Structure formats: C-alpha cells, structure tokens
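# Descriptive analysis of the structure
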Amino acid sequence: MKTLSRENLNLWLDGLAAQQSLIAPHLEAQGVFYRPVQRAQEIAWEADRPALSAKEFLFPPSERLLKVEKRGPDIRLEVSPSAAPQAIFGLRPCDARGIRVMDAAFLETPPIDSQYASRRENTLLLGLACRSMGASCFCTIMGLAPDDPRDMDVMFTDRGPTLAVQALTPRGEALLAGLPIVEEPGEVEPASRREVGGLPTAEAWKESFGDARWAKHGERCLSCRLCAYVCPTCRCYDVRDEALPSPPGEAHFERLRAWDSCTREGYRLTAGGHNPRAAAGSRLRNRLLCKFVYYPHQYGPAACTGCGRCLDACPVNLDLLEIGGALQEAAQ
Amino acid sequence: MSISETMQSTARDLLISGQVQRVIGFEASPRGRVRPAIIDRPEEAERLVWSADCTHNLTVYLQRALNRDNGHASREPATPPARVAIVVKPCDSRAINVLLAEHQFSREQVFAIGMACEGIRQGAPASAPEATLQERCLRCRERVPVVHDVLLGEPPSALPEALPDEALAHVRGLPPAERAAFWLNQFDRCIRCYACRQTCPMCNCPTCLFEQEDALWVGMRIAPSEKRAFHLGRALHLAGRCVGCNECERVCPMGIPIGLLNRHLAETVESLYGHRAGMQAVLSPVTGMLSAEESAP
Ligand code: SF4
Ligand code: SF4
Ligand code: SF4
Ligand code: SF4
C-alpha cells in the first residue's frame, strides 16, 4: 500500500488551497457542511457525513445560464464563463457516487449540460474513506461501501499518523506525482460494514405504483423539498427569465435555473392549471420511483447512493428504507 | 392505564361513536422516532403514543384535512371528514385559535385532545431518555391547552420558574450594525427548501408570496437578496400569529434560529398591543383587514 504522512498531506492540501478552491467537511455551529477552506487545519477530519451532499459545487442552488441585454434594436446574449478549478477533499463515497449519477444525465446523455460539464471538468474528487457506516447509512444496499474508491480521482484512508493513498484516474496520478509517498507492506484495512435490510427490486418498486400506501404516506408528507435538497442525486431544476436592473433605455434579463423538487405542490403544474400530481402521495411516489425505476431506465444508474440523509432530514420521518422494506415484504 | 393507552382508548371511542372521522396524533416509527400519525379506523388507534418526544405541531394537518376552500383542495381525500380529532400541546392549541380567527375551519370541526404538557425533550423526535427539556419548553409556563375538548394527563400543581429568554435579550442588545450582520449571516445560510414554511400551521397561503410563478416580487434565485426577502417577509407575516411551537427552527437543515426572529416579533407585538397569538380566537392586530370599500376593485 502507498502511504503519505499526515504532515505531508496537510502541507499538500495547504498548497492546493493556495492554487484553487479547496472544499472539505467543515464544522460549524450548526453542524458539518462541505465548505471552501483556506487550510488543511480547518478540515473536520473526525466528522460524520456532512449534513448536505457536495452536489452544490457542481450543480449550484441557482445559477445564471444566459444574460440578455437589449439596447434599442440590438440584443446581446452572454453565456456565463467557464468554471474555475476546484478540489473537493474528504468526499464520502456516497457523495462521489452522487456526482457520477448526475454525470449520467448531464454529461453522458445528450444534450450535454455545458455549465455542469465545465464545473465537472474542473473539479478534482479527493475521497476520504468512512471508517464505519453511520446509523442511517445504507450504501451497502446500493452496491457501494464506506471505503469504496471507484468514483474518486484519489482515495485516502485515514490510518492515524499516515494515510493510505490510491490514485484512481490519470488525473489523480498526475496530482500525486512528486509527493513523498512511501510504499509500505500490507493492504489497507477495509472499513467496517453493516448489512442493512433489503430494498425492493426495480420491478417491485414499479408494481407499487397503484399501492394504496402512497396516499397514506402522502397524508403525512409536508411537501417541502428537504429530502431532495439534501440528496446527492436529486438534480431537478426550474428555469426562468428574470429582469435585472438596467441602465436607462436598456433592458437586461437573465435566464437562470434553481433547484426544484418533485415533492413540492406546483412541480407538475401545467399551463391551464391542471396538476397531474396534485396529491402529495403521488409526488412522494415520484421521488422514490424516480430513484429506483425512472432514472435507471433513462440514464443507467439508480439515483440513490444510500447516504441516508433524507431519512434523517425528513421532519415527519418519511423513511425510504421503511417504505421500501414494506413494499418488498408485500411483494414476497 | 398509561397515558398512551388513555389516548388510544379516547381515539378509538371517538372513531367508533362516529364523533370524528379522523384522528391526528403521534406514533413511534420502527426506528424509534416519534412522528405524526393520521388514522381513520378504530383498530389503528393502538398505534398512538404520547411521550416527551411528541415535538411536532400537528395543527399543520388540520386545514388540509378540513378546509376544502384554501387552494390546497387537490391534497384532500375525496370526501373530507366532517370532524377531526387532533392531539395538541398547549403551544399547538394556540394555533387552533389563530386559524379559527382566520376562518380556516370552524370550532365544531375540531375535537381537540389536549395534553397536560410537562415539556418536550431536546433532540426530539428521537431524544436520549436522559435528554433535558427544549429551551422553548423551559421558557414556557403553559401546562393546559387553551383549546381542548378533553384533557389527558395531570397538569402539575406547581410550575417551575420560567427561564428568561437570554438569546433574545442578547441579540436585541447588539448594536444595530452587529445585529443586522448577525441576521443577514443567518439568512444567507438558507437553501430555500421551505421546510420551515411547510411545517408551519400559520403559513397557509395558497400561493406563498415568495414563490410566485412570475417573480414579480421575489425572484427564484437561491441567493442572498431573495433569502433575506423571504426571511424578513415571513417573520412579518407571522407577527402576532406565531405561537412559538418552534417547528420551523426544528426542521431547518441549516440550523437557522428562525424561532429567535419570531420571538422578537412576538414580544414586540405583545408589548405594543398586549396581544399574544392564539390565547383567544382573535386576529393578530398586525393583520390588515380591508373594509368593504377598500376591498372593492
Ligand atoms: S434518496 Fe436519500 S438516501 Fe438516497 S441518495 Fe438521496 S438522500 Fe441519500
Ligand atoms: S418526504 Fe419529508 S422531507 Fe420529503 S417533502 Fe415530504 S416531508 Fe419534506
Ligand atoms: S411566508 Fe408569508 S406569503 Fe408565504 S406562506 Fe407564509 S404567510 Fe404566506
Ligand atoms: S428550513 Fe431553513 S433552509 Fe429551508 S427554507 Fe427554511 S430557513 Fe431556509
């Protein structure tokens, strides 16, 4: 196994932060969040999974897609500039997989989303293996593991005074070149795993479409968007043109997009006022069936990485594992 | 009989006798979290529980169940129940009064199962048994719901001294520039997930001002100026209406002290008008009412 001393890693991270934006788990009064940090010292090493995923650094809560400036008969369109380089360190395997899941829709299925593509191109994924699974984590059901390196550029495993290092991509290898890496005998200790009860198959999820329990769950759901906004894979957005302050005689507008979620009441509202998903239960069903049926069907991967955030965050305890577990029991 | 069993039998009797068609209460999840339970059949009553982890303000579900005319009609079951029983703590029961004053439903449509409350624990709905009480409960001196049709539990004869609101005194004591910086910093953390609004019984506008399709007043961006507009606007809409159940703050994923802002408004309204939201079924003095001529187009 290849290792790097903690001291050297910190030096290297400090250097990285001086050159580009370094994002890492950061402890705040309100909890742990992925945030830009200036120095390795600011990183929350011991922290549990951050409260929000890292998706906001590739798919920001809101962003300008286009600026329109109208001066008399002249109309000028301005597409937003490309992204600056950034590195996300301390990324959890479930969050790295979340980025891979977004890739499937934004990059791998035409048309390519140019804003996302430019950020993705400029982002390094530097993983840190979880030592064990948290109380609500179920990444193992989703085919991942707490120390799964597959979606990273470089994976680190904390071993106390040293960290095991593994480059997974040519980009990762280039990054490590020149670092005082030591070859040590032995293998990296695997993280401890916890087996979690199963979820239905895609087929069983699909068959649940007419299940009466969705309406029951819907009675409890508040139709907020908390579950979607904490989720590493929920990537729905709304697009709108909004006016900007303009100098006299001119009219400036921007086309922007912002996070949205199928759980909110107006999500599927159509022109003319018809709402095909007027019932809260049908929206909740859409969110879960999107994860396990629609998204895999359209783009390939399941749109859930087992991070367990929505289980913890839902104010009224709508729990994907419990809902899915009950459906699976009924299917058997 | 334990208090949960008393609650179960109360709910069962109400459903069997047909006095109500639905009971909104609390249950425990398989993973041990307390959560809202909405039951329509007597045999489901055995799910109900009462404990110091029953933190939710269930009155948010009342309008959805009862009010066909509030713009949320699409959420309703095909035939809305004529009368609904709901489990309320003293703070929650005040929300019923606010909503009654605002004509969201009528008193006859609600059967309030009032709980003699000794406070809710920190970390609820899944707190450790030794957890201390929530701060809002340490500041609260109400033990009996102002609205109830039946009272379960024994209100304690002597009340502990209510804790002064040090957080509010502190923030009010800050010099204006520092106070503004404190609040703006807090608002800027918001991700506009609207969990605070959706969990609030008083945020019942069919279309929220801050989420209009046309962005005429507040745009769609999840950026500082929109977040600030939302927070300041929402706080004003709740002035004299917020009952202090603190649900908005509990559900916020970003840990924004929304309750602190609401308490500031509540105290301001109380000192100016002597009004405390929901102690009676009267409108907030800050709620504007257009007289006949003014409301004409
Ligand atoms: S659906 Fe829930 S558990 Fe799955 S990735 Fe999203 S937040 Fe995590
Ligand atoms: S499932 Fe929970 S978090 Fe998601 S919209 Fe419903 S109430 Fe909000
Ligand atoms: S914030 Fe204001 S406009 Fe929006 S729902 Fe609440 S009271 Fe209504
Ligand atoms: S719950 Fe918190 S993050 Fe969500 S909209 Fe309200 S204040 Fe903002």
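Residues numbered from 1 in each chain as written. Chains lettered and ligands numbered in written order. Predicted model: local features only at pLDDT ≥ 70, side-chain atom pairs only at ≥ 80, totals over all residues. Heavy atoms only, no water.

## A few points about the overall build of chain A
In terms of helices and strands, chain A carries 10 helices and 12 strands. Taking 2.2 N^0.38 as the reference for a compact globule, 332 residues should give roughly 20 Å; the C-alpha atoms of chain A span a radius of gyration of 22 Å, in line with that estimate. If one aligns the C-alpha atoms of chain A with their principal axes, the spans along those axes are about 70 × 65 × 40 Å. Counting the 332 residues in chain A, one finds 55% classified as buried. Of all intrachain contacts in chain A linking residues separated by at least 6 positions in sequence, the fraction that spans at least 24 positions is 70%. When the accessible surface of chain A is split by element, carbon and sulfur atoms take 54% of a total near 14,500 Å². Averaging the locations of the 39 positively and 42 negatively charged side chains of chain A gives two centres separated by 5 Å. (Helix = DSSP H or I, 4+ residues; strand = E, 2+ residues; numbered from the N terminus. Rg over C-alpha atoms; globule rule 2.2 N^0.38 Å. Buried < 20%, exposed > 50% of the residue type's maximum accessible area, 1.4 Å probe, protein only. Contact = heavy atoms within 4.5 Å. Areas by Shrake-Rupley, 256 points an atom, 1.4 Å probe, with all protein chains shown as cover. Lys, Arg positive; Asp, Glu negative; His and termini not counted. Charge placed at Lys NZ, Arg CZ, Asp CG, Glu CD.)

## With respect to the interface of chain A and chain B
Each partner contributes residues to the interface: chain A has 43 residues there, and chain B has 43 residues. Overall, the association of chain A and chain B removes approximately 3,500 Å² of surface from exposure, summing both partners, and the carbon and sulfur fraction of that is 48%. If you look at where chain A meets chain B, you find seven salt bridges. In this structure, the salt-bridge partner of Asp40 of chain B is Lys216 of chain A, at a minimum N-O distance of 3.8 Å. Across the chain A-chain B interface, the total number found is 20 residue pairs in polar contact (both at pLDDT 80 or more). Looking at the side of chain A that touches chain B, the elements with two or more residues in it are β3 (31-37), β4 (62-71), α6 (213-220), α7 (226-230), β11 (237-244), β12 (250-259) and α9 (309-313) of chain A. Here the side of chain A that touches chain B gets five residues from one element, more than from any other, and that element is β12 of chain A. Looking at side-chain class alone, the side of chain A that touches chain B contains 19 nonpolar, five polar and 19 charged residues. (Buried area = accessible area lost by both parts, 1.4 Å probe. Salt bridge = Lys/Arg side-chain N within 4 Å of Asp/Glu carboxyl O. Polar contact = N/O pair within 3.5 Å; in protein donor to acceptor, adjacent residues only side chain to side chain. Nonpolar A, V, L, I, M, F, W, Y, C, P; charged D, E, K, R; others polar.)

## Some remarks on the packing of aromatic side chains
According to the stated counting rule, one finds 16 aromatic pairs over all chains in the structure shown. With 4.7 Å between their ring centres and 0° between their planes, Trp205 of chain A and Phe292 of chain A make a pair best called stacked. Linking Trp205 of chain A in helix α5 (residues 202-207) with Phe292 of chain A in helix α8 (residues 280-299), this pair joins segments that are 87 residues apart in sequence. For the pair Trp205 of chain A and Phe292 of chain A, a shared accessibility class is recorded, and that class is buried. Between the aromatic rings of Trp183 of chain B and Phe187 of chain B, the centroid separation amounts to 5.7 Å while the plane-to-plane angle is 25°, which identifies the pairing as stacked. Residue Trp183 of chain B and its partner Phe187 of chain B are located together in helix α6 (residues 176-187), separated by four residues, close to a single helical turn. A relative accessible area of 2% places Phe187 of chain B in the buried class. Every member of this aromatic cluster is reached through a ring pair, and the members are Phe59, Phe106, Tyr116, Tyr229, Tyr237 and Trp259 of chain A. Here Arg6 of chain A stacks its cationic end above the ring of Trp45 of chain A, 4.9 Å away from the centre of that ring. Positioned above the aromatic ring of Phe106 of chain A is the side chain of Arg257 of chain A, whose terminal nitrogen or guanidinium carbon lies 5.8 Å from the ring centre. (Phe/Tyr/Trp six-rings, centres within 6.5 Å; stacked < 30°, edge-to-face > 60°. Lys NZ or Arg CZ within 6 Å of the ring centre and 35° of its normal.)

## Brief notes about the site of ligand 3
Every residue lining ligand 3 is accounted for by Arg197, Cys203, Cys205, Cys208, Leu209, Phe210, Arg234 and His237 of chain B. Broken down by class, the residue content of the shell around ligand 3 amounts to five nonpolar, one polar and two charged. (Near = heavy atom within 4 Å.)

## What about empty space enclosed by the protein?
All names here are of chain A. According to the stated counting rule, one finds three cavities of 30 Å³ or more in the structure shown. The volume enclosed by the largest cavity comes to roughly 170 Å³. Every residue lining the largest cavity is counted, 17 residues in all, and those nearest its centre are Cys227, Leu284, Arg287, Cys314 and Leu318. For the lining of the largest cavity, the elements supplying multiple residues, two or more each, are α7, α8 and α10 (320-331). The residue inventory of the lining of the largest cavity, partitioned by class, reads 14 nonpolar, one polar and two charged. (1 Å grid on protein atoms, 1.4 Å probe; cavity = no way out; pocket = protein on both sides within 12 Å on 5 of 7 lines; lining within 4 Å. Points joined across faces, edges and corners; volume = space filled by probe spheres on them.)

## What to know about the sheet that holds β11 of chain A
Residue and element names in this part refer to chain A. Pairing within the open sheet is antiparallel, and its four strands lie in the order β5-β4-β12-β11. A strand with exactly one partner marks an edge of an open sheet, and here the two such strands are β5 (74-79) and β11. Adjacent strand axes in the sheet meet at a mean angle of 20° when their direction is disregarded. As paired strands, β11 and β12 are joined by eight bridges and run antiparallel to one another. (Pairing = 2+ DSSP bridges. Axes fitted to C-alpha atoms, helices over the stretch in contact; angles between N-to-C directions.)

## A look at a nonpolar patch on the surface
All names here are of chain B. Nonpolar side chains collect at one region of the surface, where Leu209, Leu216 and Trp217 lie side by side and expose about 380 Å² of accessible area between them. Within the secondary structure layout, Leu216 lies in the loop between α7 (195-198) and α8 (224-237). Leu216 sits in the exposed class, given a relative accessible area of 62%. (Patch = residues over 30% accessible without salt bridge, like charges linked within 9 Å, V, L, I, M, F, W, Y side chains within 5 Å.)

## Thoughts on the confidence of the model for chain B
All names here are of chain B. When pLDDT is averaged along chain B, the result is 91, and 93% of the positions lie at 70 or above. Counting contacts from residues 69-76, a segment whose pLDDT is below 50, to residues more than four positions away or on other chains yields 23 contacts. Two summary scores accompany this predicted model of the complex, namely pTM at 0.94 and ipTM at 0.93. (pLDDT = per-residue confidence, 0-100.)

## Digging into the sheet that holds strand β1 (residues 22-28) of chain B
Overall, mixed pairing links the five strands, which are arranged β2-β1-β3-β4-β5 (chain B) in an open sheet. What marks the edges here is a single partner per strand, and that holds for β2 (34-39) and β5 (150-152) of chain B. When the angles between neighbouring strand axes are averaged without regard to direction, this sheet yields 30°. Alignment of strand β4 (residues 110-115) of chain B against β5 of chain B, held across three bridges, turns out to be parallel. Note that in β5 of chain B the partner of Met115 of chain B across the bridge is Leu152 of chain B. Packing against the sheet, α6 of chain A makes contact with β1 and β2 of chain B, and its axis sits at approximately 120° to β2 of chain B.

## Looking at the domain arrangement of chain B
All names here are of chain B. Parsing chain B into structural domains produces domain 1 (3-152) and domain 2 (166-273). One C-alpha centre belongs to domain 1, the other to domain 2; they are set 25 Å apart. Contacts between the two partners involve 23 residues from domain 1, matched on the other side by 16 residues from domain 2. Summing both partners gives a buried area of about 1,500 Å² for domain 1 against domain 2, and 50% of it is carried by carbon and sulfur. On the domain 1 side of the contact with domain 2, Asn57, Val60 and Arg136 bury the most area, a combined 25% of that side's loss. Scanning the region where domain 1 abuts domain 2 turns up one salt bridge. Here Arg241 and Glu102 are joined by a salt bridge, their closest N and O atoms 2.7 Å apart. Where domain 1 packs against domain 2, one counts six residue pairs in polar contact (both at pLDDT 80 or more). Elements with a minimum of two residues in the side of domain 1 that touches domain 2: α2 (60-66) and α3 (90-101). For the side of domain 1 that touches domain 2, the element with the most residues is α3, which contributes six residues. (Domains from an automatic or database assignment.)

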